[in-house]
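One-letter residues, chain by chain:
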Amino acid sequence: TPRAGLVGADPVGSFYKAKMNRAGVSFLSEDSHATTGTVIVLTTPDAQRTMLSHFPAPTGKEAECILTRQVKESIKSSRVLLVEGYLWECGPRVVGCLLEAMRVAQENGTLVCVT
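Residues numbered from 1 in each chain as written. Predicted model: local features only at pLDDT ≥ 70, side-chain atom pairs only at ≥ 80, totals over all residues. Heavy atoms only, no water.

> I'd love a proper account of the overall build of the chain, names of residues and values included.
On a plain count of helices and strands, the chain comes out with four helices and six strands. Mapped from its N terminus to its C terminus, the chain presents α and β elements in the order β-α-β-β-β-α-α-β-α-β. Taking 115 residues into account, the globule formula puts the C-alpha radius of gyration at 13 Å, and the chain, at 15 Å, falls close to it. With the C-alpha coordinates aligned to their principal axes, the bounding extent of the chain is approximately 40 × 35 × 30 Å. Within the chain, buried positions represent 30% of all 115 residues. In the chain, 62% of the contacts between residues at least 6 apart in sequence involve partners at least 24 apart. Accessible surface, the chain as shown: approximately 7400 Å² in total, 57% of it carbon and sulfur. (Helix = DSSP H or I, 4+ residues; strand = E, 2+ residues; numbered from the N terminus. Rg over C-alpha atoms; globule rule 2.2 N^0.38 Å. Buried < 20%, exposed > 50% of the residue type's maximum accessible area, 1.4 Å probe, protein only. Contact = heavy atoms within 4.5 Å. Areas by Shrake-Rupley, 256 points an atom, 1.4 Å probe, with all protein chains shown as cover.)

Here is the structure:
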């Protein structure tokens, strides 16, 4: 199972990629930030959620790092493209990349799901 995304060149990013690799997920993206973003989810007993998000400052590399030729080919040959909802908050370059990924998926009959 391939995955692409925004991961930093830091211990959190290394930990995340190692865990994904052990689970059989190949990570297609190169490090795009100095630090990896984090999200802490606070859940109340009645299942209400509050998310505390930290997104690193954009470097200008993030959009071009994600949608490589390899990632586009993976989208074309996949049954499903899963787009994480928080990515819509990561700025115009990332949103442009998401829209391009969704266009590639649609043109190739790949189902697009947004969380």
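Read on, since the account is not over.
> Please provide a residue-by-residue account of the packing of aromatic side chains, values included.
Across all of its chains, the model carries one aromatic pair by this definition. Ring geometry for Tyr 16 against Phe 27: centres 6.2 Å apart, planes inclined by 90 degrees, an arrangement best described as edge-to-face. In this pair, Tyr 16 sits in helix α1 (residues 11-22) while Phe 27 sits in strand β2 (residues 26-27), placing the two residues 11 residues apart along the sequence. (Phe/Tyr/Trp six-rings, centres within 6.5 Å; stacked < 30°, edge-to-face > 60°.)

> Quick rundown of the confidence of the model for the chain? Include the residues and the values.
Across the chain, the average pLDDT comes to 85, with 92% of residues at 70 or higher. Across the chain, element-level confidence peaks in strand β6 (residues 111-114) with a mean pLDDT of 96 and bottoms out in helix α2 (residues 62-66) with 57. (pLDDT = per-residue confidence, 0-100.)

> Break down the pattern of salt bridges for me, with residues and values.
Charged atoms that come close allow side chains of opposite charge to pair. Counted according to the given criterion, the structure contains four salt bridges. Of the charged contacts, one joins Lys 72 and Glu 100 as a salt bridge, the two residues approaching to 3.9 Å between their closest N and O atoms. In this pair, Lys 72 sits in helix α3 (residues 69-76) while Glu 100 sits in helix α4 (residues 92-107), placing the two residues 28 residues apart along the sequence. Across the pair Arg 103 and Glu 107 runs a salt bridge, and its minimum N-O distance is 2.5 Å. Of the two residues, Arg 103 and Glu 107 are both situated in helix α4; the distance of four residues between them amounts to about one turn of the helix. When its relative accessible area of 34% is taken as the criterion, Arg 103 is described as partly exposed. (Salt bridge = Lys/Arg side-chain N within 4 Å of Asp/Glu carboxyl O.)

> Now, about the packing of α3 against α4: what can you tell me, with residues and values included?
One way to put it is that α3 packs onto α4 with a least axis distance of 8 Å and a crossing angle of 40 degrees. Taken together, the axes of α3 and α4 lie oblique to each other. Where α3 crosses over α4, the handedness of that crossing is right-handed. Within the contact between the two elements, α3 uses Lys 72, Ile 75 and Lys 76 and α4 uses Glu 100, Ala 101, Val 104 and Ala 105. Looking at the contact of α3 with α4, its residues break down into four nonpolar, no polar and three charged. (Axes fitted to C-alpha atoms, helices over the stretch in contact; angles between N-to-C directions. Parallel < 35°, antiparallel > 145°, perpendicular 65-115°, else oblique. Left-handed = near helix turned anticlockwise from the far one by under 90°. Nonpolar A, V, L, I, M, F, W, Y, C, P; charged D, E, K, R; others polar.)

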